[in-house]
Structures are given as C-alpha cells and as structure tokens.
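Working through the structure, step by step
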Amino acid sequence: MSLQPRAVLVHRRSEYDELVARHGTAGQAAHFLAERNQSIDVLVERHEALAAALGAVSATIPTDWRRAELERSDLARFVFGPEDVLVVVGQDGLVANVAKYLDGQPVVGINPEPARNPGVLVPHPPEAAAGLLAAAVQATPPGVQATMVGAVTDDGQRLRALNEVFIGHPSHQSARYRLRSGGAEELQSSSGLLVGTGTGATGWLRSVHRERRSPLTLPRRTDRSLCWFVREAWPSPTTATGLTEGSLDEHTPLEIVAESDQLVCFGDGIEDDSLRLAWGQRLTVAVAATRLNLVG
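Residues numbered from 1 in each chain as written. Predicted model: local features only at pLDDT ≥ 70, side-chain atom pairs only at ≥ 80, totals over all residues. Heavy atoms only, no water.

1. As for unusual backbone geometry
The cut-off we apply is this: Each helix is a run of DSSP H or I of at least 4 residues and each strand a run of E of at least 2, with the numbering of both proceeding from the N terminus.
Phi is positive for Asn37, close to 60°, though the residue is something other than glycine. Mapped onto the fold, Asn37 is located in the loop between α2 (26-34) and α3 (41-60). Positive phi, normally seen in glycine, also occurs at Arg213, with a value near 55°. Inspection of the secondary structure assignment puts Arg213 in the loop between α6 (204-211) and β12 (225-230).

2. Details of the side chain of Arg46
Convention followed: Burial classes: relative accessible area under 20% of the type maximum marks a residue as buried, over 50% as exposed, and values in between as partly exposed (1.4 Å probe, protein chains only). Residue contacts follow a heavy-atom distance rule, with two residues in contact if any of their heavy atoms lie within 4.5 Å.
If you trace the backbone, Arg46 turns up in helix α3. Judged by its relative accessible area of 15%, Arg46 falls in the buried class. Beyond its immediate sequence surroundings of up to four residues, Arg46 is in contact with Glu15, Gln91, Glu113 and Arg116.

3. Describing the packing of helix α1 (residues 15-23) against α2
How we decide: Axes, fitted as lines to C-alpha atoms, cover a helix only where it is in contact. Angles between the N-to-C directions of the axes lie from 0 to 180 degrees. Roughly parallel covers angles under 35 degrees, roughly antiparallel covers those over 145, roughly perpendicular covers 65 to 115, and oblique covers all other angles.
Across the interface, α1 lies against α2 with an axial gap of 8 Å and an inter-helix angle of 100°. By the criterion of interaxial angle, the relationship of α1 to α2 is roughly perpendicular. Residues Tyr16, Leu19, Val20 and His23 of α1 lie in contact with α2, whose contacting residues are Ala26, Gln28, Ala29, Phe32 and Leu33.

4. Observations concerning the nonpolar core
What counts, and what does not: To form a nonpolar core, buried Ala, Val, Leu, Ile, Met, Phe, Trp, Tyr and Cys residues must be joined to one another through side-chain atoms within 4.5 Å.
Formed by 26 residues in total, the largest nonpolar core has its most connected members in Val165, Ile167, Leu179, Val195, Ile256, Leu283 and Val285. Beyond its immediate stretch of four places on either side in the chain, Leu283 contacts Ala151, Val152, Thr153, Ile167, Leu254, Glu255, Ile256, Cys265, Leu275 and Leu277. Judged by nonpolar contacts, the second largest core, of 22 residues, contains Phe80, Ala99, Ala146 and Leu292.

Just geometry here; none of it tells us what the structure is for.
Take a look at the structure:
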C-alpha cells in the first residue's frame, strides 16, 4: 500500500527570532536597535506575517496527510521521500535552497510578504494553499518544470542548484584552472566562474550580464540550456582571457580542471555544502536531468 502524502512545511527563522536569540530577550534586542536609531517594530511585523502565513497554510493540510516542519538549517539533514509535497513559506531564495535536495517532488511556493518579496518562486498567497496541495498530488500537477544545473567531479561528488553554481577558490583568491568548452580550451586565472539557469538569469547572472553588456541571450526558466560567465579573468604569460562567457545546451557540458591547490563548487550561495577539487581533478557542469516541479 502506498504511503499517504506528507506535507513538508519549510521556512526560515525570522530575523526577529534571530535577533532575540542573539540578545537574550525582546527588550534587550529592542534596546540594542534603539541605541542605533532603529526600531524593532518592522522585524516584529515581518515575524508576525510569517507566523500568520505558516498558521494559515498548516490549517489547510488535509487531516489524513502526514506532515513535517523544517527550518532552512535542517534541510541538509532531512530525508525527503517520493511522496512528499514541499510547501515553502518565505522568500524566493528559500525555494532554491530546497530544490537541490529534491528529486522531482512538487513544490508549492507561498509568499507571506507580497509587498516585500518579488514572488518569482513563491507566487501564491497563503489562502491558495488548499487548492495547490490538492493540485500537487494529481498525476500531472499543473505548474512549471524549471531547469536546474548539475555539477559532478571525476571522483563522483555531485551537486545540483536551481539558480547557479559558483566555481572558484574557497577564500575568493585567484583561482587557476583549465577551462574546456565546445572544443576550445584555455588556462585561466580568475575570481571564479558562474554557470546558471534561466531561473538564475533573474539574479546574479543577470547582474554580470548587464555589467559587461554581454550579447548573450539569457535562457528562460524552462529552457534546457545554461549560460556561464568567468569573473575577472586575468591575462598573463601563461593565462588567457579568450573564453569568458557562453551558452550550454543539453549536449554541451563545461569542464574545469583544477590547477590550484584547492577549488570549490557550491550552489545557490550555500558555501557550507560544496564540492572540493584538488590539483588535477576535473569538474563537469551541465544541464541537470532533474527539474524543479513548481506547482501553480
């Protein structure tokens, strides 16, 4: 007999909770801010909006479903099952934090603060949760299949990301590596590379794209393609700057061979969960087979 669905409610600890934990009491936290001509009121307001959204969504979970609740810091330790339905209540970035741990499970994005959050990945108000949960367990849930980027090392380490992966030196010094793309190859020294998706093209990738006035066409969220940029490539007698940006389709990976004592690759800004490469190791970055199943 198949298991009943499990609603997994995901959220971040509020900034108010973090501030109170740091200072011991709400009064001490308020005093700390007041001494700096700031008010705790806006943090209280945001905390209450998140709590209200979590309560409203929790109340819509069918009584015969199983349920779990996670903070962002718990994600790496949680074992997700194929019957899970993820309900992410918070900012767009929280969906990216969740996506790397999933294998096709449906994700419902709930925006507790529509006046503050853009809502690209959390487009729905709390009152829509009941209908979205019902839709999530349909044979073919309505919504978006968002492309993800995958990275794998030659010793089998693997990583997925919804927005982008960053490859560079762990301390953000100059990284030395050999870059291979579409038959071309170049030894480079740079402050790192970004390889991202159409979802990532609304964030960090777009800022690089605009800053350098790149002629590349950025992918859309569902396109099975990626784009990549080298940051601040440095010309020297041994390193070149001819390969600094490009696009990848499903059949064209990007290869990076470490020529530094250590390189790291992490996804969506989570540096604590990274792949590590020693000198001579190879990293292959490509369109991931798994997509984010965003219900809506």
